[in-house]
Amino acid sequence: MKRVVLILMIIASAVVIGFSSVYMAREFSKVINLTGMGDMWSFLWLNENSPYAEFAEVDENDFREPPIPVVGDILVEIDGLPSTQSNYFSVFNVDTPAGEEIDIKFLHDFETYVTTVVTRSIPFSMKLQVWTLVILRALIIFGLILVGIWGLFKRPYSSPVRSLTLFCYTLSIGMNLKSPAIADAYAAFNLPTTAYYLFGAVAIFWSAFWLKLQMLFPVRQKWYAKHRLFLNILLFAPGIIFGTVLVVWHGQMDLAVTILTSFFISLGYLLLLGNYYRADNFIEKRQTRLVLLGSAPGLTFSLLYSWFVQIAPEPYSSLSFVTKLMLTNIMFLLLLLIPVSLAYAFGRYKLLSVEAKLKRGTRFVAVNSLLLLLFLGILYVFGELILKQFGINNRTPTLILGLLLAFLFMPTQRIIRKRLEKYFYPERVRLRDLLKNFLASNIVRTESKTFWKELEEKLADGLSAKRIYPVLRMADKDCFALCLEEPAPFDMRDEIVKRLENKEDPILLDELIASGRITLSKEQEEWFLQRKSAILLPLTTNSGLVGFLVISSKTNGEDFTAEELELLANFSAQTALVAENFELLDGKLIKQKLEEQMKVARDIQKGLLPGEIPRRPGLEVEALIRFCLEVAGDYYDVIPLDDHRTVLSIGDVAGKGIGPAMLMANLQASLRTTQAMGVSLRESAFQINRIVYDNTPSEIFISFFMALIDVKERCVKYVNAGHNPPLLVRQDGHVKLLSKGGVLLGVKSHEEYEEGEVSLNPGDILLMYTDGVCEAMNCFDEEFGEKRLARIVSSNRRLPLADLVRLIEKEVEAHHGSSKYDDDFTLLVARLNPDEC
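In this report, we go over the structure that sits alongside the text. Every value quoted in this text rests on a predicted model; they were computed, and no experiment measured them.

Considering the sheet that holds strand 18 (residues 727-729)
Strand order in this open sheet of 5 strands is 13-23-22-18-19, and the pairing throughout is antiparallel. Only two strands of the sheet have a single neighbouring strand rather than two, namely strand 13 (619-626) and strand 19 (735-737). Strand-to-strand twist across the sheet, computed as the mean angle between neighbouring axes with direction ignored, equals 15 degrees. Where strand 13 and strand 23 (residues 825-832) come together, 8 bridges link them in antiparallel fashion. Residue Ile-625 lies in a different strand from strand 23, and its bridge partner there is Thr-826.

Given below as structure tokens:
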């Protein structure tokens with residue numbers, strides 16, 4: 001049975017879409033033809049069965065010269081033809097150009113007059129109203145159809161949704177047939193008369209579906225479920241009767257339908273109000289309130305307009321065509337709110353946000369309309385009464401007054417709206433002033449914890465909320481923490497965070513979950529539940545999501561208002577900027593603190609490096625160190641033992657910054673201590689490795705090379721602990737790599753190191769360096785390399801050592817393309833001096 005009903009609903013959807021598309025195409029063709037032709041814009045009461053037509057409105061611009069008819073005169077002939085409806089539209093048709101002259105004959109005070117009509121294009125004010133009417137009508141019709149299809153697609157087997165869909169479809173059909181302001185003679189094509197009666201009969205049911213919808217929305221009424229059959233008969237029997245009379249006998253049912261519609265709509269609103277006060281939760285209250293706000297203005301205006309036409313035909317007939325168009329457009333504009341409010345109400349999302357927009361729009365239209373009527377009244381009294389009383393026919397004073405009133409319109413509107421807001425929403429004004437003053441007083445605050453604490457207090461007090469929780473993004477991380485202290489179960493990859501990142505308006509948590517738009521993890525659900533979370537306020541700037549405020553439920557158990565949500569939306573951006581400033585300020589303070597620590601460490605490091613290389617008999621020594629950071633992990637030392645023995649060492653601690661630098665200081669102290677004890681290089685490396693291993697994390701290690709040069713014995717003893725092999729460049733240019741030793745310091749606990757020994761002849765050069773030299777990259781990601789370094793040293797081995805060091809630095813810099821290196825750069829060079837040996 002459900003599938004049959006669904007198939008019938010799909011067929012109904014296709015029929016409504018088809019009929020509405022054809023009908024609106026016909027309406028647009030009317031407007032296109034009317035606005036493109038020449039016509040007489042004085043209006044007549046035309047009748048096919050009478051050769052006489054009464055002037056309802058007269059525009060003097062239609063006539064070339066007097067005599068000019070007045071309202072109430074009778075048109076007798078048009079271009080020599082009796083003034084029947086068909087003859088009128090045969091003369092003034094879609095092919096009639098502007099500027100054509102047509103003779104007419106009319107009766108005035110029982111006297112016959114002949115005058116000439118000069119056809120004109122449609123006046124601009126009328127053209128604007130006509131286009132507005134047809135566009136608004138199309139928006140309402142297809143808006144209703146889309147809401148009906150959307151509901152059917154979302155919940156195809158739901159009884160309330162079926163009622164919503166059928167209400168939207170029947171109302172859209174009624175909107176097609178309602179208030180056809182333009183004559184059918186201007187249409188590009190006609191529809192069968194039967195179609196009008198059939199669809200007119202269907203349109204009668206829209207008020208019955210409206211009433212039924214209130215019995216099912218937002219929850220099914222128990223009494224409806226108990227008496228469903230009986231209630232449905234009561235609802236739809238009158239429509240069946242009236243529809244049958246309309247289709248079979250073509251009876252005029254306007255007054256009866258108006259009475260039935262008024263009765264059903266009134267009952268529907270009573271039910272809607274009852275549903276609002278009986279609602280079990282905030283979402284149901286917001287749903288019913290949104291439907292009430294969205295539908296009441298349009299439906300009420302529509303009913304009042306229908307009653308005005310029915311019971312006061314003469315005053316209605318006396319209204320000008322443009323005035324009727326204006327009233328119809330106002331009605332359509334208000335009816336346009338219905339599909340919008342229904343879509344959001346059934347979607348259960350952004351209910352308060354839409355409500356706030358509806359209220360703001362309604363206030364704006366009401367204030368502007370009343371102000372416009374007042375200003376027009378002033379102009380009328382001034383122009384028609386005061387000036388005429390003094391016999392002034394010049395329109396210049398009226399024009400000046402109009403310009404003055406136009407200039408005062410916007411300031412007056414703002415003053416009135418502020419006064420109304422202060423009178424009707426004093427709590428909103430208090431909250432706005434509170435937040436505004438708070439932000440103004442904290443714009444230059446430098447202590448973030450105090451700011452967030454005061455913000456919690458002020459916002460909680462202004463909203464009557466239990467607590468406010470600032471959840472802020474950790475600096476340079478994708479995670480969040482409560483006031484940057486307590487970790488929160490949110491990540492930039494979470495659904496809810498992504499939604500907050502793309503929104504600036506407050507989000508009601510219950511709506512977000514009820515609408516099925518996101519899925520929270522169990523941990524997040526518990527986190528929100530523990531804090532009784534109600535609103536999430538995103539804090540976003542141009543650089544992204546800074547964090548969000550979690551606002552708990554109210555202390556009095558009431559729901560938040562649409563006005564409060566609007567204020568929070570305005571407050572969000574300003575708070576986000578303050579939060580971002582705090583983040584930048586905190587980063588700056590941290591950087592300043594780190595710079596101070598680095599300065600201390602740099603001073604320590606400079607004190608550890610040889611300020612001046614000691615002069616050694618028979619041995620030349622030169623060194624160079626360039627840091628990529630203010631404090632480096634590179635190290636070198638020159639330690640004299642006696643007149644003929646000197647220890648040279650070079651090392652590279654993993655990492656950059658203050659930690660490696662302090663470890664380098666410990667390394668120097670350990671080396672000097674072991675050498676003062678007179679132990680061998682092999683034993684010294686063993687002891688230093690054990691100290692490093694026992695006192696540093698596993699990820700910290702040191703590449704290290706130390707050499708003992710004995711100028712008397714002309715030899716070099718060395719240990720290489722995982723360091724770049726130093727180059728021993730002989731006097732003849734031959735290069736030898738010194739690689740004996742063992743693994744990096746700090747890798748293994750009890751590593752035994754091998755001690756190497758080579759001869760050192762006068763003129764031989766020992767070059768020690770760190771990886772910042774040979775691993776310097778050019779723009780093609782090509783390393784400087786050990787071979788290139790060896791070739792430079794070998795080719796320039798006879799240069800003074802200071803010149804050789806500068807040459808190597810210059811070559812590396814030319815290869816790298818900059819004097820700013822990616823790694824520390826250290827050279828330590830020694831040469832046996834034959835003149836002193």
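Some thoughts on the sheet that holds strand 7 (residues 468-473)
To summarise the sheet geometry, strands pair through backbone hydrogen bonds and adopt either a parallel or an antiparallel arrangement. With antiparallel pairing, 6 strands are arranged side by side in an open sheet as 9-8-7-12-11-10. Because the sheet does not close on itself, it has two edges, and the strands there are strand 9 (486-491) and strand 10 (507-508). Of the strand pairs in this sheet, strand 11 (residues 533-541) and strand 12 (residues 544-552) are connected by 8 bridges, and their pairing is antiparallel. In the sheet register, Thr-541 faces strand 12, and the bridge partner there is Gly-544. Sitting on the sheet, helix 17 (residues 448-463) touches strand 7, strand 11 and strand 12, and the angle it makes with strand 7 is about 135 degrees. Packing of helix 20 (residues 522-530) onto the sheet brings it into contact with strand 7, strand 8 (479-482), strand 9, strand 11 and strand 12, and relative to strand 9 it is tilted by some 130 degrees.

Quick notes on the environment of Gln-85
For Gln-85, the position within the fold is in helix 2 (residues 85-91). Sequence separation between Gln-85 and Leu-46 is 39 residues; the distance between their C-alpha atoms is 5.2 Å. Ignoring anything within four residues of it in the chain, the contact list for Gln-85 reads Leu-46, Asn-47 and Glu-48.

Points about the pairing of strand 14 (residues 634-640)
Among the 7 residues that make up strand 14, 6 are buried, leaving the element largely enclosed by the rest of the structure. Looking at chain direction, strand 14 and strand 15 (residues 645-653) are connected through 7 bridges and run antiparallel. Across the sheet, Pro-640 pairs through a bridge with Thr-646, a residue of strand 15.

Some details on the pattern of salt bridges
This structure, assessed with the given rule, holds 26 salt bridges. Between Glu-456 and Arg-467 there is a salt bridge; the shortest N-O distance is 3.6 Å. Placement of Glu-456 in helix 17 and of Arg-467 in the loop between helix 17 and strand 7 is noted, with a sequence separation of 11 residues between them. Residue classification places Glu-456 among the buried residues on the basis of a relative accessible area of 16%. In this structure, Asp-803 and Arg-806 form a salt bridge, with 2.4 Å as the shortest nitrogen-oxygen distance.

Here we look at unusual backbone geometry
Here the amide bond leading from Pro-66 into Pro-67 is cis, since omega sits at 5 degrees, within 30 degrees of zero. Tracing the sequence through the fold places Pro-67 in the loop between strand 2 (53-55) and strand 3 (74-78). For the bond from Phe-217 to Pro-218, the omega torsion is 0 degrees, close enough to zero to count as cis. Locating Pro-218 in the fold gives a position in the loop between helix 6 (206-216) and helix 7 (222-226). Positive phi outside glycine occurs at Phe-110, with the angle close to 65 degrees. By the secondary structure assignment, Phe-110 is in the loop between strand 5 (101-108) and strand 6 (111-118). The residue Ser-464 is not glycine, and still its phi comes out positive at about 60 degrees. When you line up the elements, Ser-464 lands in the loop between helix 17 and strand 7. Using a relative accessible area of 30% as the deciding quantity, one classes Ser-464 as partly exposed.

The rules behind these values
Residues numbered from 1 in each chain as written. Predicted model: local features only at pLDDT ≥ 70, side-chain atom pairs only at ≥ 80, totals over all residues. Heavy atoms only, no water. Pairing = 2+ DSSP bridges. Helix = DSSP H or I, 4+ residues; strand = E, 2+ residues; numbered from the N terminus. Axes fitted to C-alpha atoms, helices over the stretch in contact; angles between N-to-C directions. Contact = heavy atoms within 4.5 Å. Buried < 20%, exposed > 50% of the residue type's maximum accessible area, 1.4 Å probe, protein only. Salt bridge = Lys/Arg side-chain N within 4 Å of Asp/Glu carboxyl O.

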